[in-house]
Amino acid sequence: MKKLSILFTAVIAAAVLSIGWTSVVKTAANDGASSTSVPFNMNVFIPCAGEWVALSGDLHLLSNVTINDNNAVVKVHAQPQGVTGEGSVTGDKYNATGVTQSTTKTSFVNGSSNFTFVNNFRIIGQGSGNNYLVHMLVHVTVNANGDVTATVGETTIDCK
């Protein structure tokens, strides 16, 4: 099960590399970081408005990999920039806001790890009653024996 903690780090690192982020990994206490923007397109159903919204714009991506003698830490941050859309029924304008972040820390000493993912995804419409708000939280802790010792998973969806 110790491989599970290393797997968390590997999965995040693979995701970072697979979508085209360029991270420079340095040793000791130095960080390897990257910042880039990629095109973002997504169709989202807004239940409070009863319509689909085709969103488009850019997603700003930040990643940071820190490796020292004892740990590897991978941090990922994503935030929409200029992401807008139009309602398929009403023609109302919508703006995408929010931040998605994840942090994975793995010990090279004993293989323990923890992973935290927080997603605040908001589609803000004109007026009131058609704002679609999604909050997700996932946390997993794995001890040196490979046992999962803590898990949190919660999602809330609101229309305001």
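Here, the structure is the one placed above.
Heads up: these notes are all about the structure in this document. Fair warning: this is a prediction, and the values are worked out from it, not measured in the lab.

### Regarding the overall build of the protein
- On a plain count of helices and strands, the protein comes out with one helix and seven strands.
- Here the protein holds 160 residues, and 34% of them are scored as buried.
- Of the contacts made within the protein by residues no fewer than 6 positions apart, 53% connect residues no fewer than 24 positions apart.

### Brief notes about the layout of surface pockets
- The space that makes up the largest pocket amounts to roughly 220 Å³.
- Every residue along the wall of the largest pocket is listed here: Phe-40, Met-42, Leu-59, Ala-78, Pro-80, Thr-97, Gly-98, Val-99, Thr-100, Asn-119, Asn-120 and Phe-121.
- Elements with a contribution of two residues or more to the lining of the largest pocket: strand S1 (31-46), strand S3 (71-87), strand S4 (93-107) and strand S5 (113-125).
- Broken down by element, the lining of the largest pocket gets its largest block of residues, four residues, from S4.
- The residue inventory of the lining of the largest pocket, partitioned by class, reads seven nonpolar, five polar and no charged.

### Structural notes on the pairing of strand S2 (residues 51-67)
- Examined bridge by bridge, S2 and S3 share 14 bridges and lie antiparallel to one another. For Asn-64, the partnering residue across the bridge sits in S3 and is Lys-75.
- Remark: three residues form the turn of the hairpin made by S2 and S3, two consecutive strands paired antiparallel.

### Topic: the pairing of strand S7 (residues 148-159)
- Direction of pairing for strand S6 (residues 132-142) relative to S7: antiparallel, over a ladder of 11 bridges. Bridged to Thr-141 within S7 is Ala-150.
- The antiparallel pairing of S6 with S7 creates a hairpin that spans five residues between the two strands, and Gly-146 there sits at a positive phi of about 85 degrees.

### Examining the environment of Ala-144
- Along the chain, Ala-144 falls in the loop between S6 and S7.
- Owing to a relative accessible area of 24%, Ala-144 belongs among the partly exposed residues under this scheme.
- In sequence terms Ala-144 and Ser-107 are 37 residues apart; their C-alpha atoms lie 8.7 Å from each other.

### Looking at the nonpolar core
- Counting 15 residues, the largest nonpolar core has Val-44, Ile-46, Leu-55, Phe-121, Ile-123 and Tyr-132 as its most contacted members.
- Elements that contribute at least two residues to this core include exactly S1, S2, S3, S4, S5 and S6.
- The leading source of residues in this core is S2, at four residues.
- The contacts of Val-44, once residues within four sequence positions are left out, are Glu-51, Trp-52, Val-53, Leu-55, Phe-121, Ile-123 and Tyr-132.

Conventions adopted
Residues numbered from 1 in each chain as written. Predicted model: local features only at pLDDT ≥ 70, side-chain atom pairs only at ≥ 80, totals over all residues. Heavy atoms only, no water. Helix = DSSP H or I, 4+ residues; strand = E, 2+ residues; numbered from the N terminus. Buried < 20%, exposed > 50% of the residue type's maximum accessible area, 1.4 Å probe, protein only. Contact = heavy atoms within 4.5 Å. 1 Å grid on protein atoms, 1.4 Å probe; cavity = no way out; pocket = protein on both sides within 12 Å on 5 of 7 lines; lining within 4 Å. Points joined across faces, edges and corners; volume = space filled by probe spheres on them. Nonpolar A, V, L, I, M, F, W, Y, C, P; charged D, E, K, R; others polar. Pairing = 2+ DSSP bridges. Core = buried A, V, L, I, M, F, W, Y, C linked by side-chain atoms within 4.5 Å.

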